[in-house]
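# Structural description and commentary
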Protein chains: 2
Amino acid sequence: MKRIELVALPGIPRVRAGDDLAALIARAARDAEVDLHDGALVVCQKVVSIAEGRSVALADVAPSASAREIAAAHGRDPRHIEVVLRESVRIVRRGHGVLICETRHGFICANAGVDLSNASAADTAVLLPEDPDASARALRAALLADRAGPLAVVISDSFGRPWREGQVDVALGCAGIAPIDDRAGALDLDGRALAVTAPATADQLAAAAGLLMRKDAGTPAIWIRGLALSGEGCVRDTLRDATLDLFR
Amino acid sequence: MKRIELVALPGIPRVRAGDDLAALIARAARDAEVDLHDGALVVCQKVVSIAEGRSVALADVAPSASAREIAAAHGRDPRHIEVVLRESVRIVRRGHGVLICETRHGFICANAGVDLSNASAADTAVLLPEDPDASARALRAALLADRAGPLAVVISDSFGRPWREGQVDVALGCAGIAPIDDRAGALDLDGRALAVTAPATADQLAAAAGLLMRKDAGTPAIWIRGLALSGEGCVRDTLRDATLDLFR
């Protein structure tokens, strides 16, 4: 019988800039007698960003004319909008109080992923990691140095979607796993080619972890065991090419 | 320590039109000694549709001129396209061999969710359920009649997304649970209002179940325990109003 178990690692302290996140996670796992071996670790983007120092004090931000104009139109803090614009290569849509941006990484999401809540201090904006796949690789390498065994790491964030209300968690970066399980050529139970050939495993892991990662719960790292881990890859390589995208 | 466990119910036989799906699931759970009590059951749309008789023999489909034109342009089966058009109220985008449709329910997805693979017979198209929330309610009622206790049911399907390659499983219908956990007014660890206030629980459950629901695995029902179930609601009510949608 196939089973998967998700465990919210307890007792991870409030993360601050410069913290050794891998050490905090490894210690929390040891204290809880959770063996980080042969499974996937999903870590909330926010604590990764904070540990990496990807925070900006709003007091230090001078909003441009364009940021002031957008902020005024939508009733937002112009310093927040300024940081959002700096993190964006393009505004994809604007309306209903929402700013959908394409980030420098290629993510398309509200406010370029720049968040004011759960920040390490009041009046601080937390940006997405500079390179979330690299963050995942670094976290994985540090955890592997501590103990042997297969381990996948996924960095997750909560994104809204077109057409449906509510947010789901998606993968921003990953290491030690193929973000998409390419099943092209696989056959269904009737021996016909499968219609759905590319389940986005990293995003499914992120969404599953989201069930235990409510923002007010203080559980930024979820351990998932029971999966067959396979492949390698970057989330960045799975962002759809703009020339093939019908919604840009 | 918060934990969630997912179990793929083994031994569910190939589902056919008119089958009592609740009875098949209840028997599979009993045989596997899985107690369907105090948890969420995620069921693949395909088996729900097939049991409900939502299949169409392509041999009986006469493609319209419009279906033939689209099929020719994209190298598709005109009978499949005809069924897709009948299930659609609108084509949202067309290109790169993909037809993104708005279904009569309001879902926006490729081919209006009409699938040719994993069908109950060759040359059969399987449509989405007429009303997936009602399907979830009926399945839940039948399972509750069998045994007491809280139980949520989610009907899931694999959808592609804008901007990211790969498919994730989303909820088409649900019963016994609020599809979105509305946390408006909730505070984060700093006592600030949460930026993400509406995690889409039903979609997260669907995506988590998708990890054990690879289309060729023959496991159309996943049991998830360890969650605090709360609320009530329909997936249909969580589809974004067209007037507020920036991508239609």
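Parameters and conventions
Residues numbered from 1 in each chain as written. Chains lettered and ligands numbered in written order. Predicted model: local features only at pLDDT ≥ 70, side-chain atom pairs only at ≥ 80, totals over all residues. Heavy atoms only, no water. Pairing = 2+ DSSP bridges. Helix = DSSP H or I, 4+ residues; strand = E, 2+ residues; numbered from the N terminus. Axes fitted to C-alpha atoms, helices over the stretch in contact; angles between N-to-C directions. Buried < 20%, exposed > 50% of the residue type's maximum accessible area, 1.4 Å probe, protein only. Contact = heavy atoms within 4.5 Å. Phe/Tyr/Trp six-rings, centres within 6.5 Å; stacked < 30°, edge-to-face > 60°.

Taking strand neighbours across the sheet as the criterion, the ten strands line up as β9(A)-β8(A)-β2(A)-β10(A)-β1(A)-β1(B)-β10(B)-β2(B)-β8(B)-β9(B) in an open arrangement whose pairing is mixed. In this open sheet, the two edge strands, each paired with only one partner strand, are β9 (167–175) of chain A together with β9 (167–175) of chain B. Ignoring which end each strand starts from, the neighbouring axes of this sheet average 25° apart. Pairing geometry for strand β2 (residues 39–44) of chain A and strand β10 (residues 221–225) of chain A, over five bridges, is antiparallel.

Residue and element names in this part refer to chain A. Of the positions making up helix α1 (residues 21–31), those classed as buried are L21, A22, L24, I25, A26, A28 and A29. At its buried positions, α1 is contacted by β2, α2 (45–51), α5 (132–146) and β10. In the stretch just after α1, E33 is the one whose phi turns positive, near 55°.

All right, on to the packing of aromatic side chains then. Aromatic ring pairs are described here by two measures, namely the spacing of the ring centres and the angle between the planes. Under the defined criterion, the tally for this structure stands at four aromatic pairs over all chains. Each ring, one from A:F107 and one from A:F159, has its centre 6.4 Å from the other, and the planes form 80°; the classification is edge-to-face. With a gap of 52 residues between them, A:F107 in the loop between β5 (98–103) and β6 (108–110) and A:F159 in strand β8 (residues 151–160) connect regions that are remote in the sequence. Each member of the pair A:F107 and A:F159 is classed as buried. With a centroid separation of 5.0 Å and 70° between ring planes, the pair formed by B:W163 and B:F247 is classed as edge-to-face. Placement of B:W163 in the loop between β8 (151–160) and β9 and of B:F247 in the segment after β10 (221–225) is noted, with a sequence separation of 84 residues between them. B:F247 shares its class with B:W163; the two are buried.

Just distances and angles here, no functional claims.
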